[in-house]
Amino acid sequence: MKHFFFTVILLANMFAVIAQQAFIELKDANGLNQGAISVVDIDGDGNADIIFAGKKGTAASTESTAYIYEGHGDGTFSYLTDNSGLAGGYMLNFYWEDFNGDGKLDLYNTGYLTARDKAYIKQYIATDDFCLTEENPFPAKPTRIYGNGSAVADFDNDGLYDYVHVYEAGTISHIVRFQDAENDSVSFKLNITKQDGSTLATQINGAQITLVDFNHDGFIDIFITGHIANPTPGEKYTGLFINNGDRTFTEKKFPNLTAGNQASSLFADTNGDGEWDLIYSCYISATSYPLTYFKNEGGDLIVAKAFDEAYQSSAASSFGVIADVNNDGYYDFVIAGNNNGSPRAKKTAFYIYNPANGNFELNEALTGVIPGVDYSVLSAIDADNDGILDLALMGVDSNAKNLTAIYKNTAFTASNEAPTAPANLQNTITGSKVKLNWGAATDDKTPANSLTYNISLKNKTTGKYVIHPKANIATGKRQVYAHGNAFMAKTKTMTLPDGEYEWSVQAIDAAYAGGQFAAIKTFKIGEGNSIKNAEKTNLQVITGNGIIKVEGEENISGMKLFNITGSCVSTSSNSNQLNYGQASGIYILKIKTGQEEISRKVVL
């Protein structure tokens, strides 16, 4: 049984009552705070759906829950009484990916319920529209994750999702878990450097993770902030871990960033130079929440503006939005919180980017139209499919009441055309590796350098997605409001099993509008027939003492071992084992069985 979240009648009444306001409030009676807002087209119908997840009060013992609303694309939503078991809580993470390659978006979700001992980590597989079934993604599932210190992505570009956990309770901290085809995992510990130059041996609490391809090399990097636990209480940390592409990361520090916890980090190319800039807020003390805009100059982050009028007021997973809210082609910044005056007043502040002076300017007319909140969570959404971004807000208002609302953007009316399709798609095969390249797209307003790119990669042999684009491949319409999965890079190198693949790419502008996908290209790894046989569950690859041994298959006529550059480094004939004598790393083992060839990734 469903009931309407926003009805057409309510929408009409709001227009009649507050027609002069720049933003029209569409409010829900189910108020929450401290959690997260997740805007995603769950059922793929082209209309944005929304999840409000959080707590019903601010006390630690307050009940946690989540509300799912189905969007109809006209500013109205229906409340779904079945929330698929989503837990809610606070310090939440929502990552939508297609974990099983079936074309439906699945969910990775972590957070707290009522206290640290009630933290959780869950992964859900979509079995039908708005139906999520929990599964265990790990051979040895972590007990829980503290803070926002978790993320999911394919960090080694092998077509399998990996996980980064900054604080796993009861186990090693700040690790990346690389998943392998046999559903086991290999962990890499991120070497975090303290202020005294020593390597951190304890945990990072209150961590926040942001993913970005900072150096445009096609491998996803990890930005981490938080505070260090005992024996160094009070010390804060901020650092970027550059992905080396070989299951290792190198720490990069930014001396101009103030380290802190309960942080929020928003990356975007604000000035059209093709480099990642940053808006960053963190907790220093009960009276200090600095909020700063950094420009990227030569790979370093330089202070460009300190936002003195507004700042993050309380811990939340998403305090602000960086998006083109006025459709002029440049990223703007909206923040919901307290101002810095005395007495402090809650407000939502609008900073519009001015390309003439290369900085953000406070829009006094809009600031205050939408109320500010404590425990603020803010998200972009196009609730009525008019091509103009609206805003979803959650938190505690000035009357100490939970506010859960969507505000329709009537302040700006300019249209926005989606970017053109990227041109000159090329794929180069070397052994089990494929290098994807494409040319730059263009946009009517967003500078070409600022466009991000979004890859779709599908295994035609298995019918499974390797990289789901979170977009409609026919129309380009996005299912999320975010940068593309390739960020600003125009290249990506993947290590893949044998098979036939098809791929394409689209461009995304500053309003998160997705353009048309380029014409689909295909390529083949190996003979293209081994994937259909890779489901053999009895085949096992065992390594040790310089020997690779294959069990569960009697008709083996030969094996070859390839390194990540595609070069053959060892072979054997008519045997189920070979001597490798190679350095540790990632390899591809090709097993010849009669007329078939099976590929397995091997980590030595």
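Worth saying up front: this structure is predicted, and the values here are computed from it rather than measured.

What counts, and where the lines are drawn
Residues numbered from 1 in each chain as written. Predicted model: local features only at pLDDT ≥ 70, side-chain atom pairs only at ≥ 80, totals over all residues. Heavy atoms only, no water. Helix = DSSP H or I, 4+ residues; strand = E, 2+ residues; numbered from the N terminus. Buried < 20%, exposed > 50% of the residue type's maximum accessible area, 1.4 Å probe, protein only. Contact = heavy atoms within 4.5 Å. Areas by Shrake-Rupley, 256 points an atom, 1.4 Å probe, with all protein chains shown as cover. Phe/Tyr/Trp six-rings, centres within 6.5 Å; stacked < 30°, edge-to-face > 60°. Pairing = 2+ DSSP bridges. Axes fitted to C-alpha atoms, helices over the stretch in contact; angles between N-to-C directions. Salt bridge = Lys/Arg side-chain N within 4 Å of Asp/Glu carboxyl O. 1 Å grid on protein atoms, 1.4 Å probe; cavity = no way out; pocket = protein on both sides within 12 Å on 5 of 7 lines; lining within 4 Å. Points joined across faces, edges and corners; volume = space filled by probe spheres on them. Nonpolar A, V, L, I, M, F, W, Y, C, P; charged D, E, K, R; others polar. pLDDT = per-residue confidence, 0-100.

Okay, the overall build of the chain next. Check the secondary structure of the chain and you find one helix and 44 strands. Looking at the chain as a whole, 59% of its 604 residues qualify as buried. Considering only contacts in the chain between residues 6 or more positions apart, those separated by 24 or more positions represent 56%. Accessible surface computed for the chain: about 22300 Å², of which carbon and sulfur atoms make up 47%.

Attention now moves to the packing of aromatic side chains. On inspection of all chains with the given rule, the structure shows 22 aromatic pairs. With centroids separated by 5.4 Å and ring planes inclined at 85 degrees, the aromatic side chains of F223 and F267 adopt a geometry described as edge-to-face. Highlighted residues: F223 in strand β16 (residues 221-228) and F267 in strand β19 (residues 261-268), separated in sequence by 44 residues. The burial state of F223 is the same as that of F267; both residues are buried. When the ring of W276 is compared with that of F487, the centres are 5.9 Å apart and the planes differ by 75 degrees; the resulting orientation is edge-to-face. Remark: F487 occurs in the loop between β34 (464-467) and β35 (491-495) and W276 occurs in the loop between β19 and β20 (277-283); sequence separation between them is 211 residues. By the ring-pair criterion, three or more aromatic residues cluster together here, those being Y293, F307, Y330, F333, Y351, Y353 and F360.

In this section: the sheet that holds strand β33 (residues 452-459). Pairing is antiparallel across the open sheet formed by four strands, whose spatial order is β34-β33-β36-β37. Taken across any chain shown, the strands that pair with only one partner, and hence form the sheet edges, are β34 and β37 (521-525). Strand after strand, the sheet turns through a mean of 30 degrees between neighbouring axes, direction not considered. Summarising the sheet, strand β36 (residues 499-508) and β37 pair through five bridges and their orientation is antiparallel. Each residue of the ladder has a partner; that of G499, found in β37, is I525.

To continue, consider the pattern of salt bridges. Under the criterion given, the structure shown has eight salt bridges. Across the pair K590 and D498 runs a salt bridge whose closest N-O atoms are separated by 3.6 Å. Of this pair, K590 sits in strand β43 (residues 586-593) while D498 sits in the loop between β35 and β36, and the two are 92 residues apart along the sequence. Across the pair, exposure class does not vary: K590 and D498 are buried alike. The partner of K549 in a salt bridge is E551, with the nearest N and O atoms 3.8 Å apart. The exposure class of K549 is partly exposed, given its relative accessible area of 31%. Residue class for E551 comes out partly exposed when judged on its relative accessible area of 32%.

Below, the discussion takes up empty space enclosed by the protein. Going through the model one piece at a time under the given rule, you end up with four cavities of 30 Å³ or more. Its boundaries defined by the atoms lining it, the second largest cavity holds a volume of some 50 Å³. Contributing to the lining of the second largest cavity are V40, D41, G46, N47, A48, N385, K477, R478, Q479 and Y481. Across the lining of the second largest cavity, the residue classes tally to three nonpolar, four polar and three charged.

Moving on, we come to the environment of K435. You can see K435 is positioned in strand β32 (residues 433-437). Overall, the relative accessible area of 40% leaves K435 in the partly exposed class. Through-space distance from the C-alpha of K435 to that of T491 is 7.1 Å; in sequence the pair is 56 residues apart. Contacts of K435, omitting those with residues within four sequence positions, involve Q426, N427, T428, T491, K492 and T493.

What follows concerns the sheet that holds β35. Pairing between the strands of a sheet comes from backbone hydrogen bonds, and it takes one of two forms, parallel or antiparallel. With antiparallel pairing, three strands are arranged side by side in an open sheet as β31-β32-β35. This sheet does not close on itself; its edge strands, each paired only once, are β31 (426-430) and β35. Geometrically, the sheet is characterised by an average inter-axis angle of 15 degrees between neighbouring strands, direction not taken into account. As paired elements, β31 and β32 share five bridges and run antiparallel to each other. Residue pairing for β32: N427 is matched across the bridge by L436.

Mean pLDDT for the chain: 81, with 80% of residues reaching 70 or above. Per-element confidence in the chain ranges from a low mean pLDDT of 26 for helix α1 (residues 8-17) to a high of 98 for β33. Confidence drops under pLDDT 50 across residues 1-21; counting only partners more than four residues distant or on other chains, this segment forms 39 contacts. Residue range residues 528-537 is modelled with pLDDT below 50. Its contacts to residues more than four positions away, or to other chains, number 24 contacts.

Our next topic: the pairing of strand β22 (residues 300-306). Sheet analysis places strand β21 (residues 291-297) next to β22, joined by six bridges and oriented antiparallel. Looking at β22, one finds that Y293 is bridged to K305.

What follows is about the environment of G103. As for its position among the elements, G103 is in the loop between β7 (90-97) and β8 (106-112). Between the alpha carbons of G103 and I467 there is a distance of 9.7 Å; along the sequence they are 364 residues apart.

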